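For reference, the chains in residue letters:
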Amino acid sequence: MLIENGYIVHIGKERPLKDQRLLLIDKKYEKYISDINEGDEVIFNIDINQKISIKEMVEGGPLVITDDLMQEALKEEKLAYSSSIINRKTPRTMVAIDNNNMVLFIVVDGYMESNPGINYDEAQLLLEKIGNIKQAMMLDGGSSSIFYYNGKILNYRSENWRNKIPAFLGYLRKNRYSTVGVYYMANIKPDKKRIVGLFGHHGCGKTTLMDAILKNYSGADRIGQRYLDSEEVEKDKGSTFSNHVVSVDYNDTRFYFFDTPGMSDFLGDIDVAINAVDNVVLVVNASSGIEVTTERIWKIARANKKPIFIFINQMDKEGVNFGELVSSIKETFEDGVKVVPLQVPIGEGPEFQGIVNLITHEAFEYEMNQSGKDKKLNTIPEMSKTYYEDYHQELIEDVVETNEAMMEKYLEEGEEALNPENVFKALHQAFEDDEIVPIVVGSAEKNIGLDRFMEMIRLVGMYPSERVFKGKIEDKEFEILGKEEEPFVGLVVKNAVDPFVGKLTYIRVLSGTVKSGDSFVEVQEDSNEKVSHIYIPRFDKNEEVSEAGVGDIIVVPKLKKSRINDTVAHSSRLIRVDVPEFPEPMISKSVKPTSKNEIDKVNNALSKLQESDPTFSWNLIQKREKQSYQV
């Protein structure tokens with residue numbers, strides 16, 4: 001049913017329009033609502049703090065946990081309810097309210113030949129393991145009816161809806177099943193995370209690419225809105241002036257993206273982001289080719305030994321020639337590393353309509369309405385065959401040359417002996433070892449190829465646990481391994497100011513874990529800091545979590561001290577992470593307060609600016625009784 005201004009305006013399956021709400025009622029409860037008609041009033045009046053007895057909730061499902069749950073009542077309810085519902089293992093959905101009054105859908109999906117899912121007792125154990133749950137109810141109809149969350153229809157004839165549910169508890173096989181082994185989205189393993197930076201010359205389409213990703217995976221309305229450009233001047237100028245960080249979930253993997261400035265005036269932010277990410281995506285404008293900042297970023301990334309993807313954007317623009325562009329990229333960038341396409345386009349310029357995967361031999365043609373939807377073609381189109389033949393063999397040979405066992409198999413049995421999964425594994429290792437730079441293609445504005453771009457990073461990209469940072473305790477050098485059993489170490493990668501919350505510090509977790517309520521030390525400033533709340537950076541509104549681990553980028557409010565590139569660490573391991581040195585500032589100015597009353601204000605303002613920009617420095621100059629600042 002669609003609700004508008006508190007009244008039912010439609011009964012049936014329809015997408016809600018702006019200002020409309022969707023009320024979904026399971027078919028089996030239709031007998032209780034048979035007299036509902038269009039025009040009836042709907043009152044959304046749920047008191048989440050009310051104490052509801054188990055018996056009053058039985059029609060909604062067998063499981064309710066409240067603050068005053070008694071074991072006697074639990075036993076009574078289990079006797080009263082159908083034994084098949086209580087004890088039989090089936091796929092379950094629980095709707096829960098946590099102690100922060102957030103409503104969660106917890107989806108438990110089992111995959112077993114004869115006994116899927118979980119039973120009543122296991123569900124209770126699971127909720128206790130998750131913790132922070134005030135109240136929960138099991139929906140005995142399974143999970144298929146949950147397809148509306150946060151204003152969007154998520155599983156309306158779509159296989160990807162589960163990625164958007166706040167908590168998704170994976171697929172569990174019979175021989176591995178236990179409630180302890182359940183996956184919870186707040187505790188994604190490091191190998192299921194990717195930290196990615198979008199870099200490139202001004203105007204190459206980095207922010208448009210980020211818009212398209214947010215539209216596809218975070219519920220943004222449309223492409224071209226520059227969602228991450230939070231400052232008005234950025235939207236007015238159509239340019240990004242500082243690093244912006246956001247996360248999206250794709251399949252079983254969490255992506256953290258840095259959208260970076262494209263002008264060399266903001267080289268400090270670019271340096272910070274290159275050091276912070278594991279995967280550098282160099283975005284190239286297909287019609288403009290390699291530009292000044294493109295080359296500069298390439299050199300910085302190579303100097304820092306960062307694995308690089310090249311994303312050729314704007315393949316739909318006039319005058320694009322993929323073959324010539326690839327030749328130019330190879331000529332400019334092959335400095336000991338092999339640059340090779342993973343994909344070739346279906347059409348070029350205004351005729352661009354899809355991509356061909358050179359490893360799986362699959363071809364995908366996209367709808368031309370920015371939907372991002374595609375269809376798999378039965379054969380490789382004629383317009384793509386020349387590029388396919390030119391680059392497919394080159395890619396396979398470049399990959400097998402990096403893997404001795406695969407090389408032997410290739411020479412003895414030919415390409416038919418290589419399955420795509422093994423080729424991707426070898427390519428992942430070659431990418432991590434800085435031996436191969438893959439090229440992928442697409443159009444962010446037309447939303448063509450973005451799902452394949454995400455899939456290539458998921459399959460080929462470097463994991464946070466594979467990255468080794470170095471640091472010092474006093475003068476002794478140590479390696480910081482991406483292991484969650486190690487003491488907590490984090491790196492400050494961004495500072496921002498929220499008009500309502502105040503200072504927000506973005507921290508990459510390098511090792512260990514951190515929980516709400518923990519304390520750590522800002523090492524450079526020797527400042528003890530309390531972690532009151534932990535957030536994951538999200539589109540529209542950050543998501544609060546109770547714990548974060550290796551490969552997460554977290555947002556922590558109201559730290560006393562936290563400069564970009566400073567280290568935060570557990571008190572048992574006060575290590576200083578090694579970070580690249582920034583170039584010396586080339587421009588200096590003098591700032592003079594007009595009165596003594598302004599001195600403290602100027603001091604505070606300059607200190608905050610220095611926290612947000614590592615290339616900015618200032619000092620106080622005292623001349624006789626007058627003070628000025630050199631910045």
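Presented here is an overview of the structure given in this document. (Residues numbered from 1 in each chain as written. Predicted model: local features only at pLDDT ≥ 70, side-chain atom pairs only at ≥ 80, totals over all residues. Heavy atoms only, no water.)

1. Structural notes on the packing of aromatic side chains
Describing an aromatic ring pair means giving the distance of the ring centres and the angle of the ring planes.
Then, number 1: Taken as a whole, this structure holds 12 aromatic pairs when the rule is applied.
Then, number 2: Ring geometry for phenylalanine 309 and phenylalanine 431: centres 4.6 Å apart, planes at 45°, overall tilted. With phenylalanine 309 in strand 15 (residues 308-313) and phenylalanine 431 in helix 11 (residues 420-432), this residue pair connects regions lying 122 residues apart in the sequence.
Then, number 3: For phenylalanine 309, a relative accessible area of 1% corresponds to the buried category.
Then, number 4: With a centroid separation of 5.2 Å and 75° between ring planes, the pair formed by phenylalanine 322 and tyrosine 387 is classed as edge-to-face. Remark: tyrosine 387 occurs in helix 9 (residues 382-400) and phenylalanine 322 occurs in helix 8 (residues 322-333); sequence separation between them is 65 residues. (Phe/Tyr/Trp six-rings, centres within 6.5 Å; stacked < 30°, edge-to-face > 60°. Helix = DSSP H or I, 4+ residues; strand = E, 2+ residues; numbered from the N terminus. Buried < 20%, exposed > 50% of the residue type's maximum accessible area, 1.4 Å probe, protein only.)

2. Observations regarding the sheet that holds strand 20 (residues 374-377)
Then, number 1: Strand order across the open sheet formed by 4 strands is 17-18-19-20, with antiparallel pairing between neighbours. A single partner strand is all that each edge strand has here, and the edge strands are strand 17 (343-346) and strand 20. Adjacent strand axes in the sheet meet at a mean angle of 25° when their direction is disregarded.
Then, number 2: Along the sheet face, helix 9 touches strand 17 and strand 18 (354-357) and points at about 165° away from the line of strand 17. (Pairing = 2+ DSSP bridges. Axes fitted to C-alpha atoms, helices over the stretch in contact; angles between N-to-C directions. Contact = heavy atoms within 4.5 Å.)

3. Let's talk about the nonpolar core
Then, number 1: Ranked by internal contacts, the top residues of the largest apolar core, which has 126 residues, are Ile213, Phe257, Ile310, Ile312 and Phe453.
Then, number 2: Among the elements that line this core, the one with the most residues is helix 9, at 7 residues. (Core = buried A, V, L, I, M, F, W, Y, C linked by side-chain atoms within 4.5 Å.)

4. Observations concerning the packing of helix 6 (residues 267-276) against helix 7 (residues 292-303)
Then, number 1: Running from N to C, helix 6 and helix 7 point in directions that differ by 40°, and their axes come no closer than 10 Å. Considering their axes alone, helix 6 and helix 7 lie oblique with respect to each other. Relative to helix 7, the crossing made by helix 6 is right-handed. On helix 7, the residues that touch Leu267, Ile270, Asp271 and Ile274 of helix 6 are Arg296, Ile297, Ile300 and Ala301.
Then, number 2: Class assignment for the residues of the contact of helix 6 with helix 7 results in 6 nonpolar, no polar and 2 charged. (Parallel < 35°, antiparallel > 145°, perpendicular 65-115°, else oblique. Left-handed = near helix turned anticlockwise from the far one by under 90°. Nonpolar A, V, L, I, M, F, W, Y, C, P; charged D, E, K, R; others polar.)

5. Remarks on the pairing of strand 12 (residues 244-250)
Then, number 1: For strand 12, the tally of buried residues reaches 7 of 7 residues, placing the bulk of the element in the interior.
Then, number 2: The alternating pattern of strand 12 places His244, Val246, Val248 and Tyr250 on one face and Val245, Ser247 and Asp249 on the opposite face, and all of these are buried.
Then, number 3: Bridge count between strand 12 and strand 13 (residues 253-259): 7 bridges; the pairing is antiparallel. Residue pairing across strands places valine 246 opposite phenylalanine 257, the latter belonging to strand 13.
Then, number 4: Linkage of strand 12 to strand 13, two consecutive antiparallel strands, is achieved through a turn of 2 residues, within which asparagine 251 is found at a positive phi near 50°.

6. Quick notes on the side chain of asparagine 447
Then, number 1: Mapped onto the elements of the fold, asparagine 447 is located in the loop between strand 21 (436-441) and helix 12 (450-460).
Then, number 2: Residue class for asparagine 447 comes out buried when judged on its relative accessible area of 0%.
Then, number 3: Here asparagine 216 takes part through its side chain, which lies 2.8 Å from a polar atom of the side chain of asparagine 447.
Then, number 4: Contact partners of asparagine 447, with chain neighbours within four places excluded, come to Ala212, Lys215, Asn216, Ile223, Tyr366, Gln370, Ser371 and Gly372. (Polar contact = N/O pair within 3.5 Å; in protein donor to acceptor, adjacent residues only side chain to side chain.)

7. With respect to the sheet that holds strand 23 (residues 476-480)
Then, number 1: The 3 strands lie next to each other as 23-22-34, forming an open sheet whose pairing is antiparallel. Edge positions in the open sheet fall to strand 23 and strand 34 (576-577), since each of these has one partner strand only.
Then, number 2: Bridging between strand 22 (residues 469-473) and strand 34 involves 2 bridges; their strand directions are antiparallel. Among the inter-strand pairings, glycine 471 is bridged to a residue of strand 34, identified as valine 577.

8. A word on unusual backbone geometry
Then, number 1: Backbone geometry at lysine 305 places phi at a positive 55°, although glycine is not the residue there.
Then, number 2: Within the fold, lysine 305 resides in the loop between helix 7 and strand 15.
Then, number 3: Of note in the backbone geometry, aspartate 540 takes a positive phi value of approximately 80° without being a glycine.
Then, number 4: Among the secondary structure elements, aspartate 540 is positioned in the loop between strand 29 (534-536) and strand 30 (543-545).
Then, number 5: For aspartate 540, a relative accessible area of 72% corresponds to the exposed category.

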